[in-house]
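# Chain and residue survey
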Amino acid sequence: IRACRELGIRSVAVYSEADRYALHVKKADEAYCVGSDPLSGYLNPQQLVNIAKSVGCDGLHPGYGFLSENPLLAEICAQQGITFVGPGAEVISKMGDKTAARKSMIEANVPITPGSDGNLSGLDDAINKAKEITYPVMLKATSGGGGRGIRRCDNEKELRQNYDRVISEATKAFGSADVFMEKCIVNPKHIEVQILADSLGEAVHLYERDCSIQRRNQKLIEIAPSPQLSQEQREMIGELAVRAAKAVNYHNAGTVEFLLDSDGSFYFMEMNTRVQVEHTITEEITGVDIVQEQLRIASGLPLSIK
């Protein structure tokens, strides 16, 4: 909302009854209630687009969380002539599907961790694949994220114990039972790169954030720039992130996440097709207002930085 105001754009907020007195409601030029339930209104893409259309919005910013990585919201926006402030539905779908994302990175010559070529067909397939890539391995939900639907397995016994559990977690959290397997990189550094890409073919990175300090696969502290990287590594990981974005014809703000092994090797992990909660520390070290850049890109303007 602040970015909109600084760019001279009127802002419209939505809120559930629980958030009636939230700061974003007070700061917006207009605000509309999406229902009494604390969550369901924020998870109804058709209702959100209907509100946007009825009050004359020409753009919709998905924020982070809720529907921000749901291709259906981007698709409905496109159908209704509302600009989605983010990548297109096709790109969100491709990068949200971890196995499809891995295939795209292989084609772009971006290194990935050894693992299954696609989704696992069953427990026997998982056991055979684990023998091939050697333990420890990670079972992961194909549509997952946020540290859910993921289990480390150090041997076949743990793999047998965790297989059904991961499928159950994946189904409940993401509505998909698909899982795949990756080699577990032991004690890696978790490095993510902020990228911006406009619709004119230009893509840049805004350096990296180190989010290695975690609890239960949830990030606790982020540091920018990473104290773990040499200048050479910093340039390399930035170039890999830009290459990854261009390979899938990515537009708008996004984050490419990598694991850094103890031997100095980088491996692509996933791409977040939205602005992240922690984008503000990148703004602190670069002076770039990432949300303003998102709005410029969505308006068809070129990046303001090179």
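Notes on the structure in this doc start here. (Residues numbered from 1 in each chain as written. Predicted model: local features only at pLDDT ≥ 70, side-chain atom pairs only at ≥ 80, totals over all residues. Heavy atoms only, no water.)

### Here's the deal with the overall build of the chain
When helices and strands are tallied, the chain shows 11 helices and 12 strands. For the chain, with 306 residues in total, the buried portion stands at 46%. Long-range contacts, defined as pairs at least 24 residues apart, comprise 56% of the intrachain contacts of the chain with a sequence gap of at least 6. Carbon and sulfur atoms provide 48% of the accessible area of the chain, an area that totals close to 14,900 Å². The centroid of the 33 positive side-chain charges in the chain is displaced by 4 Å from the centroid of its 41 negative side-chain charges. (Helix = DSSP H or I, 4+ residues; strand = E, 2+ residues; numbered from the N terminus. Buried < 20%, exposed > 50% of the residue type's maximum accessible area, 1.4 Å probe, protein only. Contact = heavy atoms within 4.5 Å. Areas by Shrake-Rupley, 256 points an atom, 1.4 Å probe, with all protein chains shown as cover. Lys, Arg positive; Asp, Glu negative; His and termini not counted. Charge placed at Lys NZ, Arg CZ, Asp CG, Glu CD.)

### Examining the environment of M95
One can find M95 in helix α5 (residues 89–96). Owing to a relative accessible area of 1%, M95 belongs among the buried residues under this scheme. Distance in space between the C-alpha atoms of M95 and V248 is 8.5 Å, their sequence separation being 153 residues. Those residues in contact with M95 that sit more than four places away from it in its chain are A101, M105, V248, F268, M271 and T273.

### Thoughts on a nonpolar patch on the surface
Taken together, the side chains of I213, L220, I221 and I223 make up a nonpolar region of the molecular surface, amounting to roughly 350 Å² of accessible area. Of the residues forming the nonpolar patch, the biggest block, 3 residues, is contributed by strand β10 (residues 218–223). Relative to the assigned elements, I223 resides in strand β10. (Patch = residues over 30% accessible without salt bridge, like charges linked within 9 Å, V, L, I, M, F, W, Y side chains within 5 Å. Salt bridge = Lys/Arg side-chain N within 4 Å of Asp/Glu carboxyl O.)

### Quick notes on the sheet that holds strand β6 (residues 148–153)
Across the sheet, 3 strands lie side by side as β6-β5-β7; this open sheet has antiparallel pairing. Only two strands of the sheet have a single partner each, and these edge strands are β6 and β7 (179–183). With strand direction ignored, the average angle separating the axes of adjacent strands in the sheet is 25°. Where strand β5 (residues 137–145) lies against β6, 5 bridges are found, and the strand directions are antiparallel. Across the sheet, residue K140 finds its bridge partner in β6, namely I150. (Pairing = 2+ DSSP bridges. Axes fitted to C-alpha atoms, helices over the stretch in contact; angles between N-to-C directions.)

### Focus: the pattern of salt bridges
Counted under the stated rule, the structure contains 18 salt bridges. Between E30 and R10 there is a salt bridge, and its shortest N-O distance comes to 3.5 Å. Of the two residues, E30 sits in strand β2 (residues 30–33) while R10 sits in the loop between α1 (2–6) and β1 (12–15), which places them 20 residues apart along the sequence. A relative accessible area of 24% places E30 in the partly exposed class.

Just geometry here; none of it tells us what the structure is for.
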